[in-house]
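So you can see what is in the structure, the chains are spelled out below.
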Amino acid sequence: MHTRALLKYFLIVWVPLMLFSHTASATVYSDAEKGTDGWVVFDNRPDGATVTSVFDDDHGSKVIQTNGERTLNSYLIGGINSTTGWNNTNETLLTWDMSTDEAFIVMVYAKTERGTRRLVYTKSNSNGLKNPYNNTISWGLGSALIGSGWNAYSQDLAADVALGEPGNALIAVNGISIYGSFRLDNIALKTKTDEEDDPSTPISDSPITVYSDAENGIDGWVVFDNRPAGAKITSVFDDDQGSNVIQTNGRGTRNGYLIGGYGSRNPWNNQSQTILTWDMLTNESFALVVFVDTSKGSRRIIYTKSNSDGLKNPNNNSIWWGLGSALIGNGWDSYSRDLAADISVGEPGNALLAVNGIIVYGSLRLDNVALSIKDFVPDTPDTPDTPDTPDTPDTPDTPDTPDTPDTPDTPAVPPVAVIEASVVTGPAPLTVVFNAATSTAEAPATIATYAWDFGNGDIATSAGGSTTYDEAGSYIATLVVTDSNGL
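Residues numbered from 1 in each chain as written. Predicted model: local features only at pLDDT ≥ 70, side-chain atom pairs only at ≥ 80, totals over all residues. Heavy atoms only, no water.

1. Quick word on the overall build of the chain
Condition: Working definition: helices are DSSP H or I runs of at least four residues, strands are E runs of at least two. Numbering for both runs from the N terminus. Exposed residues in this analysis have more than 50% of their type's maximum accessible area, buried residues have under 20%, and partly exposed residues fall in between, with area computed by a 1.4 Å probe over protein chains only. The criterion used for residue contact is that any of the two residues' heavy atoms lie within 4.5 Å. Under the convention used here, a 1.4 Å probe and the Shrake-Rupley method define accessible areas, while residue burial counts only the protein chains that appear.
Counting its regular elements, the chain contains three helices and 33 strands. A burial count over the chain gives 49% of its 487 residues as buried. In the chain, of all internal contacts separated by at least 6 residues, the share reaching a separation of at least 24 is 72%. When the accessible surface of the chain is split by element, carbon and sulfur atoms take 51% of a total near 22800 Å².

2. Structural notes on the sheet that holds strand β3 (residues 39–43)
This is how it is decided: Here, a strand pair is defined by DSSP locating no fewer than two bridges between the strands. An axis is simply a line fitted to the C-alpha atoms; with a helix, the fit covers only the stretch in contact. Between two such axes, the angle follows the N-to-C directions and lies from 0 to 180 degrees.
One open sheet holds the seven strands; their spatial order is β3-β6-β13-β8-β9-β11-β10, and the pairing between them is mixed. Of all the strands in the sheet, the pair left with one neighbour each is β3 and β10 (129–130). With four bridges connecting them, β3 and strand β6 (residues 74–78) associate as antiparallel partners. Bridging across to β6, Val 40 finds its partner in Leu 76. Those strands touched by helix α1 (residues 157–164) are β8 (105–112), β9 (115–122), β10, β11 (136–140) and β13 (170–179), and its axis lies near 110° from that of β11.

3. Digging into the side chain of Ser 181
On the secondary structure map, Ser 181 appears in the loop between β13 and β14 (183–190). Owing to a relative accessible area of 15%, Ser 181 belongs among the buried residues under this scheme. With near-sequence residues (within four places) excluded, Ser 181 lies in contact with Gln 65, Thr 66, Asn 67, Gly 68, Arg 70, Thr 100 and Glu 102.

4. Points about the nonpolar core
Note the threshold: Put simply, a nonpolar core is a bunch of buried Ala, Val, Leu, Ile, Met, Phe, Trp, Tyr and Cys residues held in one set by side-chain atoms that sit within 4.5 Å of each other.
Counting 34 residues, the largest nonpolar core has Trp 39, Met 98, Leu 157 and Ile 176 as the members making the most contacts within it. Elements represented by at least two residues in this core include exactly β6, β7 (93–99), β8, β9, β11, α1, β13 and β14. For this core, the element with the most residues is β13, which contributes four residues. With near-sequence residues (within four places) excluded, Leu 157 lies in contact with Thr 92, Leu 94, Val 108, Leu 119, Tyr 121, Leu 170, Val 173 and Leu 189.

5. Topic: the pattern of salt bridges
In plain terms, the rule: Here, a salt bridge means any side-chain nitrogen of Lys or Arg that lies within 4 Å of a carboxyl oxygen of Asp or Glu.
On inspection of all chains with the given rule, the structure shows nine salt bridges. A salt bridge links Arg 70 to Glu 69, with the nearest nitrogen and oxygen atoms 2.9 Å apart. In this structure Arg 70 comes out as partly exposed when scored by relative accessible area, which is 40%. Between Arg 117 and Glu 165 there is a salt bridge, with its nearest N and O atoms 2.8 Å apart. Of the two residues, Arg 117 sits in strand β9 while Glu 165 sits in the loop between α1 and β13, which places them 48 residues apart along the sequence. Across the pair, Glu 165 and Arg 117 agree in class, each one buried. Shared partners join several salt bridges into a network, and the residues in it are Arg 114, Arg 117 and Glu 165.

6. Concerning the sheet that holds strand β21 (residues 287–294)
Taken in spatial order, the seven strands make up an open sheet running β16-β19-β26-β21-β22-β24-β23, and their pairing is mixed. Lying at the two open borders of the sheet, with one neighbouring strand each, are β16 (221–225) and β23 (311–312). By the bridge criterion, four bridges tie β16 to strand β19 (residues 256–260) in an arrangement that is antiparallel. Opposite Trp 221, over in β19, you have Ile 259 as the bridge partner.

7. Structural notes on the packing of aromatic side chains
To keep it simple, the criterion reads: Aromatic pairing here means that ring centres of Phe, Tyr or Trp (its six-membered ring) are within 6.5 Å. Orientation follows from the plane angle: under 30 degrees is stacked, over 60 is edge-to-face, and everything else is tilted.
Across all of its chains, the model carries eight aromatic pairs by this definition. A centroid spacing of 6.1 Å and a plane angle of 75° characterise the contact between Phe 104 and Phe 182, whose relative ring orientation is edge-to-face. Taken together, the positions of Phe 104 in the loop between β7 and β8 and Phe 182 in the loop between β13 and β14 put the pair 78 residues apart, joining distant regions of the chain. Among the residues examined, Phe 104 registers a relative accessible area of 0% and is labelled buried. Under the relative-accessibility criterion, Phe 182 is labelled buried at 2%. Site record: aromatic cluster; members linked through ring pairs are Trp 96, Tyr 121 and Tyr 153.

Below, the structure is given as structure tokens:
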């Protein structure tokens with residue numbers, strides 16, 4: 001049973017200010033060695049926002065430092081239309097370096113065939129794509145970048161327009177506004193090279209790719225969500241498995257752990273291997289989220305201990321599948337999922353294009369995370385043929401037994417999901433605390449699982465949780481509860 005709570009709030013865009021020029025092949029608009037040239041405080045409410053050029057020891061150069069009241073203040077380079085902005089019609093690959101410890105918004109002002117568009121990049125773990133109510137196209141860079149030091153980013157703006165709003169096309173890039181207090185460097189636009197046309201990992205010709213077996217330590221794994229702090233990933237020897245395995249440790253499903261990527265953040269882009277296999281041992285709730293590209297855009301396939309399948313959530317890009325509560329406390333189990341089938345069954349008419357990465361929520365042990373082609377079977381020794389068994393003589397027919405009258409079924413009563421939210425409207429960034437503790441099940445059943453989708457890319461599997469909505473817009477938080485009878 002689904003219960004939904006709606007959150008609505010909006011940001012305001014103010015007047016453009018600056019003009020900048022560009023060259024034919026590559027233009028660096030900001031490298032901080034020239035100070036804050038080209039930058040202005042775009043929104044100084046509340047007062048006191050500043051843009052400065054400072055030396056950064058980790059980056060080894062001067063960088064741009066924005067300082068203000070979180071995402072309430074903003075900073076502009078370029079303009080918001082072709083008259084006051086760069087009007088760069090040749091270079092569509094945006095690159096920049098960034099270090100941030102808090103929420104942020106990078107907003108690119110672009111001219112398209114359908115008018116002005118704002119490409120909005122945030123820490124979200126999913127892509128909102130084109131908002132039908134305004135001219136924004138939202139892309140998530142991932143919450144893993146928060147507090148992870150300097151990271152280099154590259155966004156193909158032409159592709160982000162075309163994928164975010166099918167049928168539209170980029171004409172010119174005009175400027176960028178930044179919301180938040182953090183550090184930036186090397187903001188540039190350039191033309192794409194052949195190498196940059198496809199920066200992802202080449203498609204493997206092998207029938208199987210093992211992404212994690214723990215014998216190489218935690219290679220490829222990162223703590224994706226370290227709130228609350230203290231989450232860690234280690235490689236430990238497991239006596240029952242007889243090998244090293246990945247151990248995640250944190251505050252249950254409040255922490256997440258990533259291997260691979262999503263969007264433009266180091267995706268596997270595995271287009272040929274669609275059978276996901278892994279070994280897992282868990283004694284508590286968990287969520288395993290697979291990031292994929294499909295013919296209808298980005299999707300998250302979410303596997304939990306639920307005894308039922310939620311399938312496609314109509315309000316976001318999640319497809320839910322239950323692996324069953326019997327696996328909790330059951331020792332090591334091996335799992336195999338046909339991701340292509342889970343997409344097509346979960347969302348009829350959609351098709352899997354590529355597998356990009358996995359996030360695991362919960363404290364558990366994993367091993368042998370792999371993708372393989374369908375119907376791939378590891379080599380095993382041949383088994384000798386079994387001799388034919390002689391036919392068994394027919395058994396004489398047994399007289400029919402009279403039918404027993406059907407016993408009327410006792411109707412099963414599903415649980416009732418109840419959402420409580422600390423606040424349902426406010427300015428961005430808006431932090432909302434959710435609680436489902438008053439959800440009920442028909443006695444003697446009890447609520448067994450909670451599956452939250454907060455509508456901004458964050459999920460949770462406990463009775464309560466919290467999330468921060470960094471962008472203006474309308475959001476639907478969805479809760480699916482399952483009782484101990486599997487309803």
